[in-house]
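Analysis of the macromolecular model
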Amino acid sequence: MHCWDIHTHRQGQPYSIFQAGKSNMPAGIPVSMGIHPWELDSNWETYFEKIKRVAAQNPCVLAIGEAGFDRLKGPQISLQKEALYAQAKAAAELGIPLILHCVKSHDLLLEYLKSAKSPPCIIWHGWNQKSELAAQLLPFPVFFSFGRQLLHPGSNAAKWLVACPIDRVFFETDDSELEIESIYQAASLILQLPEARLAEQVIANWNAISKRKIS
Ligand SMILES: [Zn+2]
């Protein structure tokens, strides 16, 4: 049973989804492709057309993203909304999840979710927000990816992991130097479940929400 890392910026890790972003896609490895809010500029639609083509033709593209909202960094919110809505639509059409970057923009996500007729499954990556905010998202197809914050026992991430429905859970290393096993270990201690059980759960969770499967 492999401990999948569903979001990493380090290329060449086995059983991981490499964040290729809007750059060229590395051949033959699982990737996520999309436009990060920090990378949005007036040309984003040109990039996005290319990403859509590559994603449609290439089953290695397991997710769209990371995409989302950031009130601390990035262009004006209207542009961020336009790009997120377009990327969410593409993910829904392909039947694959969207990996979400969301900073001080919980309200913008809720606004999207309430307005969307058929949103994709959205994985909020690097979850470390208050559990009350997470609970507000449960009526929607929102999932939570936990990373390095789990190594801090009192973190919001650790608190929500305990309360979060287990079928909404993923794990990641993101841009850290950590090994994914250390995240699974931390989760295993918090949840009092064997790592192998968590590894199995993450694969099942992914396969339940994506047309492009992992094993
Ligand atoms: Zn990231």
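So, a few notes on the structure that sits alongside this text. Here the structure is a predicted model, which is why all the values come from computation and not from measurement. Counting of residues starts from 1 at the beginning of each chain's written sequence and follows it residue by residue. The model is predicted, so local features are restricted to residues of pLDDT at least 70 and side-chain atom pairs to those at 80 or more, both for listing and for counting; the totals for chains, interfaces and linings are taken over all residues.

Moving on, we come to the packing of helix H5 (residues 156-163) against helix H6 (residues 180-191). Between H5 and H6, the least distance of the axes is 10 Å, while the angle of their chain directions is 55°. Classified by the interaxial angle, the pair formed by H5 and H6 is oblique. Note on packing geometry: the crossing formed by H5 with H6 is right-handed. Of the residues in H6, those touching H5 at Ala158, Leu161 and Val162 are Ala187, Ile190 and Leu191. In the contact of H5 with H6, the residues fall into six nonpolar, no polar and no charged. As a rule, the C-alpha atoms of each element are fitted with a line to give its axis, helices using only the stretch in contact, and angles between N-to-C directions run from 0 to 180 degrees. Counting from the N terminus, the helices are DSSP H or I runs at least four residues long and the strands are E runs at least two residues long. Orientation is classified from the angle alone, with under 35 degrees giving roughly parallel, over 145 giving roughly antiparallel, 65 to 115 giving roughly perpendicular, and any other angle giving oblique. Should the near helix be turned counterclockwise from the far one by less than a right angle, the crossing is left-handed, whereas a clockwise turn marks it as right-handed. Residue pairs are scored as contacts if the distance between their C-beta atoms, which are placed from the backbone, is within 7 Å. In this classification, Asp, Glu, Lys and Arg are treated as charged, Ala, Val, Leu, Ile, Met, Phe, Trp, Tyr, Cys and Pro as nonpolar, and every other residue, Gly included, as polar.

A few words on the sheet that holds strand S2 (residues 16-21). Any two strands are treated as partners once DSSP identifies two or more bridges connecting them. With respect to topology, eight strands assemble into an open sheet ordered S1-S2-S3-S4-S5-S6-S7-S8, the strand pairing being parallel. Because the sheet does not close on itself, it has two edges, and the strands there are strand S1 (5-8) and strand S8 (169-171). For this sheet the average axis-to-axis angle between neighbouring strands, irrespective of direction, equals 35°. Across three bridges, strand S3 (residues 31-33) lies against strand S4 (residues 61-70) in parallel orientation. Across the sheet, Ser32 pairs through a bridge with Ala63, a residue of S4. Relative to the sheet, helix H2 (residues 77-94) contacts S4 and strand S5 (98-103), its axis offset from that of S4 by approximately 160°.

To count as a nonpolar core, a set of buried Ala, Val, Leu, Ile, Met, Phe, Trp, Tyr and Cys residues must be joined through C-beta atoms within 7 Å. With C-beta atoms placed from the backbone, the exposure class of a residue follows from how many other C-beta atoms lie within 10 Å of its own: 20 or more, buried; 12 or fewer, exposed; in between, partly exposed. Counting 63 residues, the largest nonpolar core has Phe144 and Phe146 as its most contacted members. Broken down by element, this core gets its largest block of residues, seven residues, from H2. With residues up to four places along the chain from it excluded, the contact list for Phe144 reads Trp124, Trp127, Ala134, Trp160, Cys164, Arg168, Val169 and Phe170.

The contact between helix H1 (residues 44-57) and H2 brings their axes to 11 Å, and the two run at 10°. One element, H1, and the other, H2, form an angle in the roughly parallel class. Of H2, the residues touching H1 (which contributes Trp44, Phe48, Lys52, Ala55 and Ala56) are Ala83, Ala86, Ala90 and Leu94. In terms of residue class, the contact of H1 with H2 is made up of eight nonpolar, no polar and one charged.

A few words on the environment of Phe18. Along the polypeptide, Phe18 turns up in strand S2. For Phe18, a count of 22 C-beta atoms within 10 Å translates into the label buried. On a C-alpha basis, the gap between Phe18 and Thr8 in space is 5.2 Å, while along the polypeptide they are ten residues apart. Setting aside residues no more than four positions away along its own chain, Phe18 makes contact with Thr8, Gln11, Pro26, Ile29, Pro30 and Val31.

Next up on the list: the pairing of strand S7 (residues 142-146). A regular strand places its side chains so that they alternate between the two faces of the sheet. Burial within S7 is extensive, with five of its five residues counted as buried. As paired strands, strand S6 (residues 122-124) and S7 are joined by three bridges and run parallel to one another. Considered in S7, the bridge of Trp124 is made with Phe144. Note on handedness: a crossover is taken as right-handed if, strands pointing away from the viewer, the path from the first strand over the helix to the second is clockwise. What joins S6 to S7 is helix H4 (residues 131-137), and the crossover it makes is right-handed. Here three bridges tie S7 to S8, and the two strands are oriented parallel to one another. Within S8, the position partnered with Phe146 by the bridge is Phe171. At this point the chain moves from S7, through H5, to the parallel S8, and the crossover so formed is right-handed.

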